[in-house]
Protein chains: 4
Amino acid sequence: MTDAEALADRLQSGELRLYELDDHTDPETAATARRLYVQRETGATLDTVGEYSFDADTAEPNIENMIGGAQLPMGVAGPVPIDGSGADGEYFLPLATTEGALLASVNRGLSAIRASGGATARVTDTGMTRAPVFQVPGVAEAETVIEWVDDNTETLREAAESTTSHGELLEIDTYVVGDNVFLRFIYDTKDAMGMNMATIATREASEIVEAETPARLVALSGNLCSDKKPAAINAIEGRGRSVTADVVIDRELVEERLKTTPEAMAEGNTRKNLIGSAKAASLGFNAHAANTVAAAFLATGQDAAQVVEGANAITTMEAREDGLYASLSFASLEVGTVGGGTGLDTQQEALELLCLHGGGNPAGANADGLAEVIAVGALAGELSLVAAFCSRHLSSAHEELGR
Amino acid sequence: MTDAEALADRLQSGELRLYELDDHTDPETAATARRLYVQRETGATLDTVGEYSFDADTAEPNIENMIGGAQLPMGVAGPVPIDGSGADGEYFLPLATTEGALLASVNRGLSAIRASGGATARVTDTGMTRAPVFQVPGVAEAETVIEWVDDNTETLREAAESTTSHGELLEIDTYVVGDNVFLRFIYDTKDAMGMNMATIATREASEIVEAETPARLVALSGNLCSDKKPAAINAIEGRGRSVTADVVIDRELVEERLKTTPEAMAEGNTRKNLIGSAKAASLGFNAHAANTVAAAFLATGQDAAQVVEGANAITTMEAREDGLYASLSFASLEVGTVGGGTGLDTQQEALELLCLHGGGNPAGANADGLAEVIAVGALAGELSLVAAFCSRHLSSAHEELGR
Amino acid sequence: MTDAEALADRLQSGELRLYELDDHTDPETAATARRLYVQRETGATLDTVGEYSFDADTAEPNIENMIGGAQLPMGVAGPVPIDGSGADGEYFLPLATTEGALLASVNRGLSAIRASGGATARVTDTGMTRAPVFQVPGVAEAETVIEWVDDNTETLREAAESTTSHGELLEIDTYVVGDNVFLRFIYDTKDAMGMNMATIATREASEIVEAETPARLVALSGNLCSDKKPAAINAIEGRGRSVTADVVIDRELVEERLKTTPEAMAEGNTRKNLIGSAKAASLGFNAHAANTVAAAFLATGQDAAQVVEGANAITTMEAREDGLYASLSFASLEVGTVGGGTGLDTQQEALELLCLHGGGNPAGANADGLAEVIAVGALAGELSLVAAFCSRHLSSAHEELGR
Amino acid sequence: MTDAEALADRLQSGELRLYELDDHTDPETAATARRLYVQRETGATLDTVGEYSFDADTAEPNIENMIGGAQLPMGVAGPVPIDGSGADGEYFLPLATTEGALLASVNRGLSAIRASGGATARVTDTGMTRAPVFQVPGVAEAETVIEWVDDNTETLREAAESTTSHGELLEIDTYVVGDNVFLRFIYDTKDAMGMNMATIATREASEIVEAETPARLVALSGNLCSDKKPAAINAIEGRGRSVTADVVIDRELVEERLKTTPEAMAEGNTRKNLIGSAKAASLGFNAHAANTVAAAFLATGQDAAQVVEGANAITTMEAREDGLYASLSFASLEVGTVGGGTGLDTQQEALELLCLHGGGNPAGANADGLAEVIAVGALAGELSLVAAFCSRHLSSAHEELGR
């Protein structure tokens, strides 16, 4: 009987609980024992789940109750030249997905962008947020609190920044709803996505607010952050990186490669991505930006739940004399090149493929670059999809006319 | 020189393009060749990306330009008894994530639910949507079109259902914006998530609309579907499954396990999840439901980009005499147990662990069950997180009072 | 001492309360007494407030604690030919406002529409809603309730319609959030705006739901109606009338009258009304539709608070070969030509000016017509404002070029 | 034949247009002539429309094409003691409405507030906004523009403030969407609602932006302002005044006057105003705040179309040991005590009744006070309505139990 089997027996007998295993053995054996136990309990086989190639120790900060690994196919699209602030040069975009046709779509779009000389991308705003909610007796005290915060921002900044070697507090926005005061702390977290950094720093500052004002902390996140929720505050004010990618595709390229016209694409984009989204009361005015975001997040070790905010994106297309101007603006793309899942084997390799793993120079440049590469990839997906439905009509029009 | 190396050379020389490889060799060799090529171009190593254990052939419908696999740690939480329509019994929930503490949080919540006898869950609405946008000359013709659609729903149903052996057209909702007519087709797609099914069926029906009315199809998706966008139409009307999980946690359990009180949790939930989300103009009135959704989606082969709609969820908590009533209602949880990524090795095993792989009996029951299990898991995450910040105060209150 | 003075004395002494006055005298004397009393208490003079010309008796259903009248200037714009379902012919639009330039703006737009042969307008959807919220023990019972409602819609319809001679129940939509069940009753209320009718009918039906199911009525309005709130449910699904007005303005007219081009207006509309509103996370994708709605509502006796829903409107503009296509689609314009404030003197005259006072033939036609006239008026305001900012650039371009 | 008749003849013959009349006669005669003409054209009588008591000259800045006046009944509610920053003391609230029961509802709520010693109110944020949209060649230039704006805020401030004697530029927020740059100028406009002031100041600043950067002004309002549209940006960031009113109603008063309990009201408020609004994807989490806003706006000469933003309000209720805490927080209440419709006779009297007409001391105090009074009035309406539906159940419970 292996160690794992012995431990599985103890799990089954109720002597041990799943989460207690880590105290009794190494991570890999613990995972094996859990797998054995769960297989017995459910009758399932978990063979391929057990065939993970990463080091179980490495994954410890990323998961509890580990039983093994999930494997997703990864592909690449590109290369594409990008003129960005953090990204500058030619890039292959690694994407992990289970959605057929996605890679092909992005690749087709990137090919058109490449033929046009590449895309431009810029991070126009940066800031990871944490917004605690405090309770006060009433609005009179709420006024006191927000005035105190305005007057003592420096004190709060010192407290917040004392907890981090890299992060900087940029701003504290205040909001009052009845006897609730929300303070939205905004940080520059450099190359880290920064949620943990922001949380720890905010906790430190919040304790001072509690000590010095009538405010009582209810929760470190009062949902005005707003993390992993489809909230207008992120779509408007941004969270993580606000990043735009744009390109002008020559008229001839639109016609030859995308089989349609700038005018048709602009019109199609307006009807679907602007008017359709308006009628849907959407925060996402794009075709399928979340597809590329999700696939790039999975490949590069980002937080998959933050695909939610990654869908707050607006696609614009307009016919210009020389061709099609197309842009995609993400309000709240939350990415990092250090921390989180970026240290796992395959994810690290994907970031290295982009030459964007680890801290950038200057600090923040790598995360900026990652945001820009993803924005360009997603823009390619938009071009490809809009061209696809527009060309259908061009071709059917051609057919009808016998051309 | 291996085949892969030879192909990599041809890629590098420009003789072949990345996407053309599949025509020249088998999927695995193609992946190896691409990896070699990309490594040469970028200087990165992609060793662990190449250590995937699934069959490259199997992944063909899921990806193009494949270079290998991404690996994510997978764990389990539970078990938990669920009284659902599709899920009925004890369940371990498989979760793949890179976010530390998530599994522990869900597990802690499930433990409290289990101690309370389990959770109830129900799918209260089902419907996968596809909403093409048509152009008409003006609103006079728009009126003609929607009247025609209302009068000819049976014809459209026949056309739509002719393309699918399982799917059923439930309803067609009509919307007019100027010279745009949107038809929102709603389908019961049984155990499939159903986007492809809905798209194909809608294309067939749309051709009839084009033939019989003044409408010209612009795009099969007019963004009122609304797929992978944070849209109110999904939060209100639902997409995929609308599913609620709820539980009553005994007062004693709240105090002993969660270290707080039903009253404190109800208040904390109101301030953060209801009032905070209201002020954020959010479609998500929950603490971190998307975390569990994302992790369960990744484990079970769902579409990661649909985590976006999976965040349209409302958490309620109220103190009752006997304890805490807590619920989590997802408006638009889009899941399937057949198709998409559910056929990949590790994902299939995760579904088998739930006894929910493949088609259900009756059809749709497995996908219902998956939705219910995820809802219960996410409810556990809500309980755990809200308890965490509420107990902080109880403990600090205790400290202050010297207890 | 007049009667009013004597009553004012009694108010001042505390012997009578403001709202008790109506039991002691006629409405006009009561208003005078209140005015006297309030003047004494505050030192203000209320002379012009007392110079109202309507009959105080008539106003009794519209107000309590009356002290007199507020007077707003009223003007007319037009005439304009309208091809609508309820409105058909030439119309002068009465508008009451205090915002300078509004009438001129609408009038300029109507003049361009008239020169183009008039506008088309259609009510594409109708339905006044009332959505009670019920409490149930949990989601299991919620499922029971919504199934019961689906199975017993006819019973509920009979109950609802028993309370009204005109109204018809069109549909009941069901929504579940935890232990809350919302039933959204949708009525055709013909020429009445219909809130009261819908409320009374829904109360009757709700009592049956309470009697036959585990549901307990919490409130007759559960805010999914949603009345006088800026809610996406209205912007998407409509409330009152969904009405679109559109027009094609000849290219020459755009250039001569509006001093710009169809292309410039289409572009300006996209940047401001579509993209700008998208970034603002708005439910209103228009320039100033609420201005015309508010002014028309005040002139014709509509509920001023429903201007809120009247702002859920999308303006589209596109350059066509022959000129500019422009449309304005209101999702939720809540109007009536009977009941509410439509019986007051000046409001009745304004409706008569439109030949739309009282019940229509067929029932509902007058309210349809009013919705269409307002939509055309607001479309004119959109044309005028967009042209204004676009022509600025044309003219400055001309100046720069020395033309 | 009177002058008016002669002019009406000329209108009818087409010799004169409606808007040209003002050049030929005084405002009152012009109004009479228009009335005559429109009566002839439509067959309507406009007698009471002609019985307006204000001076037609005074109304000139408020309307064009005037034909007379609309009259609405006006009442008062109160008095109520208010502890505010701009409002301090006892207030009668003037309300003009056609909605029966509104005054009674507000009055009942104010009576409960008065019995509890009055309400507290605070303006927690102030800022009238104007957000022009500029076009740039692409995102690279967008970055240039926003950096320039950040570096040259002082220059823009000087330009903006050069156009106004009172207004102060507080901040310029920048937003980028593709090739669109939005600058949201935020002003303290003191006692004026301030839209015109903000527009004029912003025009001046925008010309500098155009001159110094690659930006081309498209429209002075790019809809991120956002004026008279139901936009999340206002609900989150505020526009005009962000103002909260709150009160604690003694438990006994809740039971005696409102016939219910603090617990029932808190629960009812959560189900309807929080959860119901959440499910409706609403920006308004209140029962009927817009009713009081609309009625107060009409009485005091505010812009009726801005009732739209006035509905962005959140009502909270919680049971405390000593009773019910209730609050109402408006995010974007746009009011002024000078300019706009505040100079009309009846509106001016209504403001004088509040001792809030004209400029305050310090500047802005009167508009603050008006915002606070309206907030308290609307809070009263919330209390009254929520109590009404909660007491229904108490009473029916009593009936069932035979008490």
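Residues numbered from 1 in each chain as written. Chains lettered and ligands numbered in written order. Predicted model: local features only at pLDDT ≥ 70, side-chain atom pairs only at ≥ 80, totals over all residues. Heavy atoms only, no water.

### Observations concerning the relation of the copies chain A and chain B
- Expressed as a screw transformation, the operator carrying chain A onto chain B has a rotation angle of 180° and an axial translation of 0.0 Å, and the superposed copies differ by an RMSD of 0.0 Å. Expressed as an axis order, the relation between the two copies is that of a two-fold axis.
- Taken as a fraction of all interface residues of chain A, those also at the interface in chain B reach 100%, which identifies the copy contact as same-surface. (Least-squares fit on C-alpha atoms with pLDDT ≥ 70 in both. Contact = heavy atoms within 4.5 Å.)

### Remarks on empty space enclosed by the protein
- Inspection of the entire model under this criterion finds seven cavities of 30 Å³ or more.
- Here the largest cavity defines a volume of roughly 230 Å³.
- Ala-281 and Leu-283 of chain A, Leu-283 of chain B together with Ala-281 and Leu-283 of chain C are, among the 23 residues lining the largest cavity, the residues nearest its centre.
- When its residues are assigned to classes, the lining of the largest cavity shows 18 nonpolar, five polar and no charged. (1 Å grid on protein atoms, 1.4 Å probe; cavity = no way out; pocket = protein on both sides within 12 Å on 5 of 7 lines; lining within 4 Å. Points joined across faces, edges and corners; volume = space filled by probe spheres on them. Nonpolar A, V, L, I, M, F, W, Y, C, P; charged D, E, K, R; others polar.)

### Topic: the domain arrangement of chain A
Residue and element names in this part refer to chain A.
- Looking at the assigned domains, one finds that chain A contains domain 1 (3-62), domain 2 (74-125 + 241-400) and domain 3 (132-219).
- Measuring from the centre of the C-alpha atoms in domain 2 to the corresponding centre in domain 3 gives 35 Å.
- Across the domain 2 to domain 3 interface the summed buried area is about 630 Å²; carbon plus sulfur atoms make up 50%.
- In terms of surface lost to domain 3, no three residues of domain 2 exceed Gln-306, Val-338 and Ala-363, which account for 47% of the buried area on that side.
- Between domain 2 and domain 3 we count zero salt bridges in total.
- Here the element with the most residues in the side of domain 2 that touches domain 3 is helix α13 (residues 365-400); it accounts for three residues. (Domains from an automatic or database assignment. Buried area = accessible area lost by both parts, 1.4 Å probe. Salt bridge = Lys/Arg side-chain N within 4 Å of Asp/Glu carboxyl O. Helix = DSSP H or I, 4+ residues; strand = E, 2+ residues; numbered from the N terminus.)

### A closer look at the relation of the copies chain D and chain C
- You can overlay chain D on chain C at an RMSD of 0.0 Å; the transform is a turn of 180° with a shift of 0.0 Å along its axis.
- A shared binding surface is used by both copies, with 99% of the interface residues of chain D retained as interface residues in chain C.

### Re the interface of chain D and chain C
- Opposite the 112 residues of chain D that make contact, chain C presents 111 residues.
- Summed over both partners, the interface of chain D with chain C buries about 9000 Å², with 58% contributed by carbon and sulfur atoms.
- Of all residues in chain D, the largest losses of buried area upon contact with chain C belong to Gln-71, Arg-271 and Glu-349 of chain D, amounting jointly to 8% of the total for that side.
- At the boundary of chain D and chain C, one finds six salt bridges.
- Glu-267 of chain D is paired through a salt bridge with Arg-216 of chain C; the nearest N and O atoms lie 3.3 Å apart.
- Where chain D meets chain C, there are 64 residue pairs in polar contact (both at pLDDT 80 or more).
- Take the side of chain D that touches chain C: its biggest share by element is 13 residues, from strand β1 (residues 66-83) of chain D.
- Residue classes in the side of chain D that touches chain C are distributed as 56 nonpolar, 36 polar and 20 charged.
- Pairing analysis gives nine bridges linking strand β1 (residues 66-83) of chain C to β1 of chain D, with the strands arranged antiparallel. Looking at the pairing, Pro-73 of chain C lines up with Gly-69 of chain D of β1 of chain D. (Polar contact = N/O pair within 3.5 Å; in protein donor to acceptor, adjacent residues only side chain to side chain. Pairing = 2+ DSSP bridges.)

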